[in-house]
Amino acid sequence: LESQLVVADLVAASDPNEQESIINRLSNLKANYARARLYWKSRRDELDPGLTDLVMVQAHNTALKFYTIVEDHLIPAVLQNDRPAVMSEYQAARAAFLEHQTEVEKLLLKNLEVENANVSWAKARIQQIGIGIAVALAMGMLLMLALGLLLRNSITQPLSVALKIANKIAAGDFDVQAATPFN
């Protein structure tokens, strides 16, 4: 988008110094585009195949078409002050930009589609993990309950037997013995 706006500035500029400054700005924008393309090219394997085609081929081809028209036709026409040619090439560059914009919109829609699929997958995975955690917690609670009951019985059963023996001794029965030894 910025390149298209800068091209519009170039078409409107009449001062040669201003034109040169705008041409340098366009050159910098194209260099930035080339760096961004190299970045995405280096990450090609990480992209969804549909996104890769849109980024590396379709959107790139329309961007190249735009920059080719600007560099090979529009800028020379501006430098020669050939207004009819400038306007004609500006229209051609604008048409190429609109093609590029269409490809970028396709890219954004495809990216949204991929992201929605990723979000759906993540939600399903989180739900699976949540169920797993809930099952593990429930099993842990049941295990703790069972261990608690065993521990309680291992403490209260001997105390209950000892209490019965103590009650018998208090009642005067001194021949009482514990049926099992206590640990």
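Computed from a predicted model, the values in this text were never measured in an experiment. (Residues numbered from 1 in each chain as written. Predicted model: local features only at pLDDT ≥ 70, side-chain atom pairs only at ≥ 80, totals over all residues. Heavy atoms only, no water.)

Q: Which parts of the structure should I look at to understand helix H3 (residues 49-79)?
A: Residue pairs spaced three or four apart in an α-helix point in one direction, given the helix's 3.6 residues per turn. Compared with an ideal rise of 1.5 Å per residue, which puts 31 residues at 45 Å, H3 spans 42 Å between its outermost C-alpha atoms and is within 8% of the ideal. Once H3 finishes, Asn81 follows within two positions and takes phi at roughly 55°, a positive value. (Helix = DSSP H or I, 4+ residues; strand = E, 2+ residues; numbered from the N terminus. Expected span 1.5 Å × (residues − 1).)

Q: Sorry, what's going on with the packing of aromatic side chains here?
A: Here the distance between the centres and the angle between the planes together describe a pair of aromatic rings. Counting across every chain of the model gives four aromatic pairs. A centroid spacing of 5.3 Å and a plane angle of 70° characterise the contact between Phe66 and Tyr67, whose relative ring orientation is edge-to-face. A residue is classified by how much of its surface remains accessible, and Tyr67, at 8% relative accessible area, is buried. Chaining the aromatic ring pairs together yields one cluster made of Tyr33, Phe66, Tyr67 and Phe97. (Phe/Tyr/Trp six-rings, centres within 6.5 Å; stacked < 30°, edge-to-face > 60°. Buried < 20%, exposed > 50% of the residue type's maximum accessible area, 1.4 Å probe, protein only.)

Q: What's the story with a nonpolar patch on the surface in this structure? I'm lost.
A: A surface patch of nonpolar side chains, amounting to about 430 Å² of accessible area, comprises Leu143, Met144, Leu147 and Leu150. Following the sequence through the fold, Met144 ends up in helix H4 (residues 83-170). We classify Met144 as exposed; its relative accessible area is 56%. (Patch = residues over 30% accessible without salt bridge, like charges linked within 9 Å, V, L, I, M, F, W, Y side chains within 5 Å. Areas by Shrake-Rupley, 256 points an atom, 1.4 Å probe, with all protein chains shown as cover. Salt bridge = Lys/Arg side-chain N within 4 Å of Asp/Glu carboxyl O.)

Q: Teacher, can you tell me more about the side chain of Gln19 here?
A: Mapped onto the fold, Gln19 is located in helix H2 (residues 16-42). Residues in contact with Gln19, not counting those within four places in the same chain, are Leu10, Ala13, Ser14 and Val78. (Contact = heavy atoms within 4.5 Å.)

Nothing here speaks to function; it is geometry throughout.
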